[in-house]
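# Reading the structure
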Amino acid sequence: MRIILLGAPGAGKGTQAQFLMSKYGIPQISTGDMLRAAIKEGSELGVAAKKIMDAGQLVSDELIIGLVKERVAKADCANGFLLDGFPRTIPQADAMKDAGISVDHVIEFDVPDDVIVERMSGRRVHPASGRVYHLVYNPPKVTGKDDETGEELVTRVDDLEETVRKRLAIYHEQTELLVGYYRETAARGETQYHHIDGTQAVDAVSQQLVTLLD
Ligand code: AP5
Ligand code: ZN
């Protein structure tokens, strides 16, 4: 099963990707997590991406497209994958299509901006695994620690309210165009398109996804 999770920053893509990954045994491909790992390693890619990400801007299409093509070619993607945070622009979606990478489902998470700003202020993450928590809505078992490893949770540099607002503006300018793009793709019978109310509780969203995908 090949799935695209589409939605604004903070809409819940990473949270549901973790759920779907364990439910269906397909890998999560989060371009954001890949870039953050590159920053941590201090690789050339990381150095190029850091300033852009901290400012809430998009990394160049060229860089991202190369990264994703390489990733989906790996053996663990043979039975499918979950794209989380890619594609984010029309050129990225076109590049994917040109590379012959089709998808079975596009899932759009719809959440109003004000709900997102509030969510981001309480987000805590476990960088090594990509697991995502919220102080109130999805708290870890032990405050400040990852459930599986007990390691420290951190806040993301780009979760400052000002940066979140910038990321939301970019989402509305560039990424939201993909809603129309994939609705048209679905109208041609090339994928299935699902719109989900992302303001529901985490478990309610997960249940809805299972109903759609099973
Ligand atoms: P990326 O890491 O992809 O960030 P994003 O798309 O902005 O999305 P987020 O990870 O912030 O949100 P999410 O939807 O995963 O929400 P989450 O589940 O964590 O990208 C970061 C940066 O990398 C970009 O700004 C850009 O610079 C660069 N980049 C990445 N991909 C790129 C690309 N393709 N092209 C160019 N540049 C790229 O949830 C958020 C919070 O809400 C959590 O605290 C969670 O616990 C909570 N929550 C989740 N669901 C619910 C719910 N139903 N109810 C209540 N709380 C909930
Ligand atoms: Zn995410």
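It should be emphasised that the depicted structure is a prediction, and the values quoted were computed from it without experimental measurement.

Before going further, it helps to examine the pattern of salt bridges. What the rule picks out here adds up to 14 salt bridges. The shortest N-O distance in the salt bridge between Asp114 and Arg165 comes to 3.7 Å. Linking Asp114 in helix α6 (residues 113-121) with Arg165 in helix α7 (residues 161-175), this pair joins segments that are 51 residues apart in sequence. Residue classification places Asp114 among the exposed residues on the basis of a relative accessible area of 57%.

This part takes up the nonpolar core. Counting 29 residues, the largest nonpolar core has Ile4, Leu35, Leu83 and Tyr182 as the members making the most contacts within it. Breaking this core down by element, the ones donating at least two residues are β1 (2-7), α2 (31-41), α3 (44-54), α4 (61-72), β3 (81-84), α5 (90-98) and α8 (177-187). No other element matches the five residues that α4 contributes to this core. Apart from residues lying up to four places away in sequence, Leu83 is in contact with Ile3, Ile4, Leu5, Ile29, Val68 and Met96.

UniProt marks residues 123-158 with the feature "domain: Adenylate kinase active site lid" (unreviewed entry), using the numbering shown here. When the span residues 123-158 is considered, its composition is 0% helix and 22% strand, and the gap between its end C-alpha atoms is 11 Å.

Because the α-helix completes a turn every 3.6 residues, residues three or four places apart line up on one side. All of the buried residues along α3 are Leu45, Gly46, Ala49 and Met53. Summarising the axial view, the buried residues of α3 lie within an arc of 80 degrees, below the 170-degree limit, and thus occupy one face. Residues of α3 that are exposed and point more than 90 degrees away from the buried face comprise Glu44, Val47 and Lys51. Contacts from the buried residues of α3 go to α2 and α4. Count one or two residues on from α3 and you reach Gly56, which has phi positive near 80 degrees.

We now examine the packing of aromatic side chains. Evaluation of the coordinates by the stated rule reveals one aromatic pair. On the basis of an interplanar angle of 75 degrees and a centroid distance of 4.9 Å, the ring pair of Tyr181 and Tyr182 is categorised as edge-to-face. A relative accessible area of 5% places Tyr182 in the buried class.

A residue-level look at the protein finds 100% of positions with pLDDT of 70 or above and a mean pLDDT of 96. For this predicted complex, the interface confidence comes out at an ipTM of 0.98, alongside a pTM of 0.96.

Together, Leu135, Val136 and Tyr137 give the surface a local cluster of nonpolar side chains, amounting to about 330 Å² of exposed area. When you line up the elements, Val136 lands in the loop between β6 (131-134) and α7. The exposure class of Val136 is exposed, given its relative accessible area of 60%.

Cut-offs used in this document
Residues numbered from 1 in each chain as written. Chains lettered and ligands numbered in written order. Predicted model: local features only at pLDDT ≥ 70, side-chain atom pairs only at ≥ 80, totals over all residues. Heavy atoms only, no water. Salt bridge = Lys/Arg side-chain N within 4 Å of Asp/Glu carboxyl O. Helix = DSSP H or I, 4+ residues; strand = E, 2+ residues; numbered from the N terminus. Buried < 20%, exposed > 50% of the residue type's maximum accessible area, 1.4 Å probe, protein only. Core = buried A, V, L, I, M, F, W, Y, C linked by side-chain atoms within 4.5 Å. Contact = heavy atoms within 4.5 Å. UniProt positions renumbered as here; feature names shortened; annotations may be inferred. Arc of directions from axis to C-beta. Phe/Tyr/Trp six-rings, centres within 6.5 Å; stacked < 30°, edge-to-face > 60°. pLDDT = per-residue confidence, 0-100. Patch = residues over 30% accessible without salt bridge, like charges linked within 9 Å, V, L, I, M, F, W, Y side chains within 5 Å. Areas by Shrake-Rupley, 256 points an atom, 1.4 Å probe, with all protein chains shown as cover.

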